[in-house]
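What the coordinates show
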Amino acid sequence: MESLFGYTANQKPPEMNNKPVTSSSSNSALPTQIFILEPRKSQNTAIVLRSLAVSRREILDALLEGQGLTTDTLEKLTKISPTQEEESKILQFNGNPTKLADAESFLYHILKVVPSAFMRFNAMLFRTNYDPEILHLKESLQTLELACKELRSRGLFLKLLEAILKAGNRMNAGTARGNAQGFNLSALRRLSDVKSIDGKTTLLHFVVEQVVRSEGRRCAINQNDSLDRSNSQRGKNSDPNSVSQTPKEEKEKEKENEKEKENKKEKEYLMLGLPVLGGLSTEFYNVKKAAVIDHDTFINMCSTLTARVAEIQLLVASCSNGEKGRFVQEMKGFLEECEEELKVVRVEQTRVMELVKRTTEYYQAGASKDKGGQPLQLFLIVKDFLDMVDQACQDIYRRLQKKNVTKTVGSSPPLSPTRQAVRFTNLQLQFMSDMCRTTSSSDSEDDF
């Protein structure tokens, strides 16, 4: 215990265990160490000091030179920093220093040589942590800038928004909301709440499937245009081995073939389109990273670093020019670099936040003027929506796989899902009753 934690257990000889302790023996057993700190803090400080892998001499040298201690050592030393009142009591001690307890003895000898010791520990710890902190701030700025560029590029994301707007207008046809030019992006989070009359699908799944099919059809046209032409040419040649059929049978056979061909095409479109829409999250990689940036921490980091630099500058200014060591020179060079770098970062932060503001206005006019709104809220909304789209794509893929397995064992009708017959032109019939209930219960501007 003493070796690991600095705790000394006063043990009595075995022959004295059952004998009463006299007043004289009690007085002789009293500790001879002098405590200045509160006993518990003194004990905890002693435990920390015993865990250090450096000697008192090495610590003093580091204080004078401004370097030589690891981050772990500096963190431990800053944790045992005494208050100003405790420092005064320790420095005013005029007794025998050898009788001081371990914690008090360490503080006494350190503060006698370097009165600003713990301010220097904090300064050296700040210098050690500065590079990763400023790097994190720069990476956050880069992430926000790239996220804005991703959102401003016209692509599949805007196709999704256009499809949602079209669906909303169709569902609200005949009402004041039926000819909207846009909608609040916070409505994206509620698309899964709008269910069909039979409760088997949601507006989100419907829109995602429409976009997936559209993208799949486009891929099929681009990839198979020449192959389709050659197949159609071969299809014109009659099969010499075919059995002659009546006109009615031929017509029914032709309809059946057309239906099967259409079903195969629908499945092909969905299977080709799913990877395209599923790749949207990858394209919006920085948007998802920006969504987890804490705005207050991000905004305050630059000012916090600047304030810490100013504190250390005051410490350096208070140091004597004739003191031993290179602490002042080490810190002056570091602080000059910090000042120049922080100036550039402040300008960059202002520029990036203006870009975020313009991007937010691009999607939601007037949102940046909302005093209660979070400036980075846009990225969080888009991230949540992309997660919902990914889940919808997975659901559609599992449904296709399930129907494919069912068809293989011959226990289900053809692959074509019943919802595939529904198009935007029929949205009112499919979803109107539920949307009416939704809009009647909430008439806020956030709805379609």
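So, here's what we can say about the structure. (Residues numbered from 1 in each chain as written. Predicted model: local features only at pLDDT ≥ 70, side-chain atom pairs only at ≥ 80, totals over all residues. Heavy atoms only, no water.)

We now examine the packing of helix H14 (residues 295–318) against helix H15 (residues 327–363). Where H14 contacts H15, the two axes come as close as 10 Å, and the packing angle between them is 155°. In this view, H14 runs roughly antiparallel relative to H15, as classed from their interaxial angle. For H14 against H15, the interelement crossing comes out left-handed. Counting all contacts with H14, which are made through His 295, Phe 298, Ile 299, Cys 302, Leu 305, Thr 306, Val 309, Ile 312, Gln 313, Leu 315 and Val 316, the residues of H15 involved are Phe 327, Val 328, Met 331, Lys 332, Leu 335, Cys 338, Glu 339, Leu 342, Val 345, Arg 346, Gln 349 and Met 353. In terms of residue class, the contact of H14 with H15 is built from 16 nonpolar, 4 polar and 3 charged. (Axes fitted to C-alpha atoms, helices over the stretch in contact; angles between N-to-C directions. Helix = DSSP H or I, 4+ residues; strand = E, 2+ residues; numbered from the N terminus. Parallel < 35°, antiparallel > 145°, perpendicular 65-115°, else oblique. Left-handed = near helix turned anticlockwise from the far one by under 90°. Contact = heavy atoms within 4.5 Å. Nonpolar A, V, L, I, M, F, W, Y, C, P; charged D, E, K, R; others polar.)

Our focus in this paragraph is H14. Side chains that are three or four residues apart share a direction in an α-helix, a result of its 3.6 residues per turn. The first and last C-alpha atoms of H14 sit 36 Å apart over 24 residues, in line with the 34 Å expected at 1.5 Å per residue. In the structure, H14 departs most strongly from a straight axis at Met 301, where the bend amounts to approximately 40°. (Expected span 1.5 Å × (residues − 1). Bend = angle between axes of the 7 residues up to and from the residue.)

Next up on the list: the pattern of salt bridges. Per the stated rule, a full pass over the model turns up 19 salt bridges. Across the salt bridge formed by Asp 387 and Lys 383, the nearest N and O atoms sit 3.0 Å from each other. Of this pair, Asp 387 and Lys 383 both sit in helix H16 (residues 377–408), 4 residues apart, roughly one helical turn. One connected set of salt bridges, linked through shared partners, spans Lys 288, Lys 383, Asp 387 and Asp 390. (Salt bridge = Lys/Arg side-chain N within 4 Å of Asp/Glu carboxyl O.)

Between helix H8 (residues 117–152) and H15, the shortest axis-to-axis distance is 9 Å and the interhelical angle comes to 20°. By the angle between their directions, the pair H8 and H15 is classed as roughly parallel. Judged by the twist between their axes, the crossing of H8 over H15 is left-handed.

Let us now look at a negative patch on the surface. On the surface, Asp 131, Glu 336, Glu 337, Glu 339 and Glu 340 cluster together into a negatively charged patch. Broken down by element, the negative patch gets its largest block of residues, 4 residues, from H15. Within the element layout of this structure, Glu 337 appears in helix H15. (Patch = residues over 30% accessible without salt bridge, like charges linked within 9 Å, V, L, I, M, F, W, Y side chains within 5 Å. Areas by Shrake-Rupley, 256 points an atom, 1.4 Å probe, with all protein chains shown as cover. Lys, Arg positive; Asp, Glu negative; His and termini not counted. Charge placed at Lys NZ, Arg CZ, Asp CG, Glu CD.)

Our focus in this paragraph is the nonpolar core. Among the nonpolar cores identified, the biggest contains 104 residues, and Phe 121, Leu 144, Leu 277 and Phe 379 are the most heavily contacted of them. Looking at which element gives the most residues to this core, the answer is H8, with 15 residues. When residues no more than four places from it in sequence are discounted, the contact partners of Phe 121 are Ile 59, Leu 63, Leu 69, Leu 74, Leu 77 and Thr 78. (Core = buried A, V, L, I, M, F, W, Y, C linked by side-chain atoms within 4.5 Å. Buried < 20%, exposed > 50% of the residue type's maximum accessible area, 1.4 Å probe, protein only.)

Within the secondary structure layout, Thr 306 lies in helix H14. Relative accessible area serves as the criterion here: at 29%, Thr 306 is assigned to the partly exposed category. For Thr 306 and Arg 346, which are 40 residues apart along the polypeptide, the C-alpha to C-alpha distance reads 9.9 Å. Not counting the four nearest positions on each side in its chain, Thr 306 is found in contact with Leu 342 and Arg 346. At a separation of 2.8 Å, a polar atom in the side chain of Thr 306 contacts the main-chain carbonyl oxygen of Cys 302. (Polar contact = N/O pair within 3.5 Å; in protein donor to acceptor, adjacent residues only side chain to side chain.)

So, to be careful, I would describe these as geometric facts and stop short of saying anything about function.
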